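# Coordinate analysis (summary)
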Amino acid sequence: MSVNYLAANDAADPAERECMVRALAAAARVRCVTSPNPWVGAVVRTPDGQMFEGATREPGQAHAEVVALEAAGDAARGATLVVTLEPCSHQGRTGPCTQAIVDAGITRVVVGMEDPDPLVRGQGVARLREAGIDVLVGVLADRVAAQLAPYVKHRTTGRPWVVLKLASTLDGGTAAPNGTSQWITSPPARADGHRLRAESDAILVGAGTVRRDDPSLTVRDYRPPVVPSSGSVDPRRVVLGAVPPDAKVRPCTEAKGDLGTLLDDLGGEGVVQLLVEGGAAVAGDFHRAGLVDRYVIYVAPALFGGDDANGIFDGNGAFDIADLWRGRFVSVERVGDDLRVELAPLDGPSED
């Protein structure tokens with residue numbers, strides 16, 4: 001059986017759609033603890049309208065469906081389960097969620113999208129239907145697909161979802177001619193950047209940035225709603241080039257060679273989302289290689305007022321207007337005194 005994981009389905013009643021919205025919110029709260037597993041939310045709704053929520057826990061612990069079923073207890077018998085991602089039907093570090101759903105006496109399951117993982121894809125839905133459970137797939141599929149876009153890419157390509165984070169003045173400057181660059185943006189924007197770090201499995205910069213700024217690349221200005229049992233949401237640190245022995249970024253991975261090969265390697269090591277923070281040479285290399293899935297640019301209401309400031313990219317750009325890279329705006333939001341502008345490639349997923 002095969003189900004299009006992006007297929008929308010409006011056959012859900014308003015109560016089920018409300019449950020899916022609640023499930024999406026539950027999934028968002030655990031964004032920083034589940035990787036490399038997907039961040040999934042679930043809601044059990046009883047015939048009399050009671051609702052019990054659950055979200056996926058750390059790897060090796062219960063998935064969202066099981067958490068919601070345990071919260072519901074005996075009330076789950078005869079109830080509807082609403083879940084953002086197709087329940088698994090195989091034995092991994094935890095048992096199959098489909099069996100837990102059958103054993104709980106659930107009579108209807110509403111799924112946001114099919115799981116693209118080859119171990120699951122369509123099999124969970126098929127197992128539930130074989131057990132006589134009514135299954136509806138594709139409710140709020142666009143919103144679920146947007147929330148799980150990094151996971152979808154990782155499971156379908158083997159590579160991480162690449163977020164390129166940049167900060168500049170309104171006239172495109174990232175550093176003054178004398179090399180100073182801190183701070184262009186406001187504290188709220190920097191805190192939002194730390195949120196991106198917390199949501200990423202790895203963060204990458206060039207060796208030049210390490211030598212110039214000696215960054216630690218840790219998460220200091222953001223604390224997610226749910227944190228791992230370790231207490232740390234710091235991403236793995238990757239540097240393109242050699243790192244001085246006393247650099248704050250250590251311990252880190254020193255990388256070199258083809259960027260595509262690096263992405264393959266990181267994906268194989270369980271990196272679902274990679275945050276690229278620069279500098280300008282690294283940013284330009286990723287951009288020109290077409291390896292960026294999302295551009296996040298923090299724009300400050302400031303102007304260098306000349307043509308001698310450093311720009312967001314190093315290297316040669318489009319020589320002719322016909323060769324301009326064109327994407328689409330995903331969102332433009334005010335963050336403190338700054339704007340956060342998100343761009344996506346035109347050929348990327350359109351569900352935002």
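Heads up: the structure comes first, above all this text.
Reference entry: report on the structure contained in this document. (Residues numbered from 1 in each chain as written. Predicted model: local features only at pLDDT ≥ 70, side-chain atom pairs only at ≥ 80, totals over all residues. Heavy atoms only, no water.)

## A few points about the sheet that holds strand β4 (residues 108-113)
- Taken in spatial order, the 5 strands of this open sheet run β2-β1-β3-β4-β5, and their pairing is mixed. Each end of this open sheet is capped by a strand with a single partner; those strands are β2 (51-55) and β5 (134-137). Neighbour-to-neighbour, the strand axes of the sheet open up by a mean angle of 15 degrees, direction not taken into account.
- Across 4 bridges, strand β1 (residues 41-45) lies against strand β3 (residues 80-85) in antiparallel orientation. Bridge pairing in β3 places V44 opposite L81.
- Against the sheet, helix α2 (residues 64-72) touches β1, β2 and β3, its axis set at about 145 degrees to β2. (Pairing = 2+ DSSP bridges. Helix = DSSP H or I, 4+ residues; strand = E, 2+ residues; numbered from the N terminus. Axes fitted to C-alpha atoms, helices over the stretch in contact; angles between N-to-C directions. Contact = heavy atoms within 4.5 Å.)

## Regarding the packing of helix α3 (residues 97-104) against helix α4 (residues 123-130)
- Two numbers describe how α3 lies on α4: the axes approach to 10 Å, and their chain directions differ by 25 degrees. By the angle between their axes, α3 is roughly parallel relative to α4. As α3 packs across α4, the resulting crossing turns out to be right-handed. Facing T98, Q99, I101 and V102 of α3, the residues of α4 in contact are G124, R127 and L128.
- Its residues placed into classes, the contact of α3 with α4 shows 3 nonpolar, 3 polar and 1 charged. (Parallel < 35°, antiparallel > 145°, perpendicular 65-115°, else oblique. Left-handed = near helix turned anticlockwise from the far one by under 90°. Nonpolar A, V, L, I, M, F, W, Y, C, P; charged D, E, K, R; others polar.)

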